[in-house]
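# Descriptive analysis of the structure
One-letter residues, chain by chain:
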Amino acid sequence: MKGRRYRRTGLINNEDEQNPLTGVANLFDIAMVFSVALLVALVMSYQMPELLSPTEDITIVKNPGQQDMKIIIKEEGKPIEVLNMTDQIGGGTGEALGTAYKLADGRVVYVPEEEGANTTST
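Here the residue numbers are simple positions, counted from 1 along each chain's written sequence. Owing to the predicted nature of the model, reporting of local features is limited to residues with pLDDT of at least 70; listing and counting of side-chain atom pairs is limited to 80 or more, with chain, interface and lining totals taken over all residues. Each side-chain value is derived from all of the structure's non-hydrogen atoms; neither hydrogens nor water enter the calculation.

If you look the protein up in an unreviewed UniProt entry, it shows as DUF2149 domain-containing protein from Methanolobus mangrovi.

If you want it as structure tokens, here you go:
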């Protein structure tokens, strides 16, 4: 009779039976590794590894010349700054520094004024 009692408790405390949630315990870790790998793959697909480097400075222009144009500036040691363009025109007083020319291929060339030259613009 004594052996029978131990045998019954042995069935209840069987260590071979496992908790069904033990297989789910590392699911969060797997999800975090997957998300970091996805982020790195996305940055590499755009060929901009500078976004991952904390010492690189980068400026990105999204939708250039459009109404919803944005300029994203990342400088070392500073928070990332996003500049949204508006239709408002800035004004004030200042000094003319030179002339900018747009070439046929779309490049813009800046030509500074010579310091001794008196030029008038209309």
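## Details of the confidence of the model for the protein
Where we set the bar: As a per-residue quantity, pLDDT reports the predictor's confidence and falls between 0 and 100. The way it works is that DSSP assigns letters per residue, a run of H or I at least four long becomes a helix, a run of E at least two long becomes a strand, and they are numbered from the N terminus.
For the protein, the average pLDDT comes to 77, and 77% of its residues sit at 70 or higher. When mean pLDDT is taken per element in the protein, helix H2 (residues 27–45) scores highest with 89 and helix H1 (residues 2–12) scores lowest with 53.

## Some details on the pattern of salt bridges
Inclusion rule: We define a salt bridge as a contact between a side-chain nitrogen of Lys or Arg and a carboxyl oxygen of Asp or Glu at a distance within 4 Å. Relative accessible area decides the class of each residue, using a 1.4 Å probe on protein chains only: under 20% of the type maximum gives buried, over 50% gives exposed, and in between gives partly exposed.
Enumeration according to the criterion identifies two salt bridges in this entry. In this structure, aspartate 105 engages arginine 107 in a salt bridge whose closest nitrogen and oxygen atoms are separated by 2.9 Å. Accessibility classification places aspartate 105 together with arginine 107 in one group, the exposed group.

## Structural notes on the sheet that holds strand S2 (residues 70–74)
For clarity, the threshold we go by: Two strands form a pair only when DSSP identifies at least two bridges running between them. The angle between two axes is taken between their N-to-C directions and runs from 0 to 180 degrees, where each axis is a line fitted to C-alpha atoms and a helix contributes only its stretch in contact.
Overall, antiparallel pairing links the three strands, which are arranged S1-S2-S3 in an open sheet. If you trace the sheet from one side to the other, it starts and ends with strand S1 (58–62) and strand S3 (81–84), each paired once. Averaged over all neighbouring strand pairs, the angle between strand axes comes to 15 degrees, with direction disregarded. Looking at chain direction, S1 and S2 are connected through five bridges and run antiparallel. Bridge pairing in S2 links isoleucine 58 to lysine 74.

## A look at the pairing of strand S5 (residues 108–112)
The sheet contact formed by strand S4 (residues 98–102) and S5 spans five bridges and is antiparallel. Bridge assignment links alanine 100 to a residue of S5, and that residue is tyrosine 110. Hairpin geometry of S4 and S5 is characterised by an intervening segment of five residues between the two adjacent antiparallel strands and by a positive phi of about 100 degrees at glycine 106.

## Here we look at the environment of asparagine 63
Our working definition: Here a residue-residue contact requires only that any non-hydrogen atoms of the pair lie within 4.5 Å. Polar contacts, as used here, are pairs of N or O atoms within 3.5 Å; protein pairs need one atom able to donate a hydrogen and one able to accept it. Residues neighboring in sequence count only if both atoms are side-chain atoms.
Within the secondary structure layout, asparagine 63 lies in the loop between S1 and S2. If sequence neighbours within four positions are ignored, asparagine 63 has contacts with Asp68 and Met69. In this structure the side chain of asparagine 63 is engaged in a polar contact, spanning 3.3 Å, whose partner is the side chain of aspartate 68.

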